[in-house]
Amino acid sequence: MTLLFLAGIYFFARGVFALYGQTIFYTKRVLENIEEKDIPAYLQEIGKMNLLLGVLFVGKACLDIPFPGSRPILYGWLLILLLCVFSISKIDTKYKKQ
């Protein structure tokens, strides 16, 4: 539970900072691939997805306490996690410089 909870807190913090326009969690290499005028829109979209990931990880950590080893919860969590990763990759390709 501890690692899932810590990962959730990390993604939640990353999302909050991105929504407020802070680039603390992003390297220069990532931001160099995005045009200067598109960075606020990119941070808004990626921030929402990181908040969702944070809630997803913390929720899984909390659900592991009453339902340890539940396969339906694990499969549902993995499905939503894959959808989030796919959405993040779409956002990255949308804002990447050509």
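Check the entry above for the structure.
Note that this is a predicted model, so its numbers are computed, not measured. (Residues numbered from 1 in each chain as written. Predicted model: local features only at pLDDT ≥ 70, side-chain atom pairs only at ≥ 80, totals over all residues. Heavy atoms only, no water.)

Concerning the packing of helix α1 (residues 2–19) against helix α3 (residues 39–63)
At a minimum axis separation of 7 Å, α1 and α3 run at an interaxial angle of 160°. What the angle tells us is that α1 and α3 run roughly antiparallel. For the crossing formed where α1 meets α3, the hand is left-handed. Across the contact of α1 with α3, the residue classes break down as 16 nonpolar, six polar and three charged. (Axes fitted to C-alpha atoms, helices over the stretch in contact; angles between N-to-C directions. Helix = DSSP H or I, 4+ residues; strand = E, 2+ residues; numbered from the N terminus. Parallel < 35°, antiparallel > 145°, perpendicular 65-115°, else oblique. Left-handed = near helix turned anticlockwise from the far one by under 90°. Nonpolar A, V, L, I, M, F, W, Y, C, P; charged D, E, K, R; others polar.)

Side note on the packing of aromatic side chains
Two numbers describe a pair of aromatic rings. These are the distance of the centres and the angle of the planes. Scanning the model with the defined rule gives seven aromatic pairs in all. Aromatic pair tyrosine 10 and phenylalanine 11: ring centres 5.4 Å apart, planes at 65°, arrangement edge-to-face. Measuring from ring centre to ring centre gives 6.5 Å for tyrosine 26 and tyrosine 42, while their planes differ by 70°; the resulting arrangement is edge-to-face. Of this pair, tyrosine 26 sits in the loop between α1 and α2 (28–32) while tyrosine 42 sits in helix α3; the two residues are 16 residues apart in sequence, bridging distant segments of the chain. Owing to a relative accessible area of 3%, tyrosine 42 belongs among the buried residues under this scheme. Each residue in the set Tyr10, Phe11, Phe17, Phe25, Phe57 and Trp77 is aromatic and connected to the rest through ring pairs, giving one cluster. Note that lysine 60 overlies the ring of tryptophan 77, its terminal NZ or CZ placed 6.0 Å from the centroid. (Phe/Tyr/Trp six-rings, centres within 6.5 Å; stacked < 30°, edge-to-face > 60°. Buried < 20%, exposed > 50% of the residue type's maximum accessible area, 1.4 Å probe, protein only. Lys NZ or Arg CZ within 6 Å of the ring centre and 35° of its normal.)

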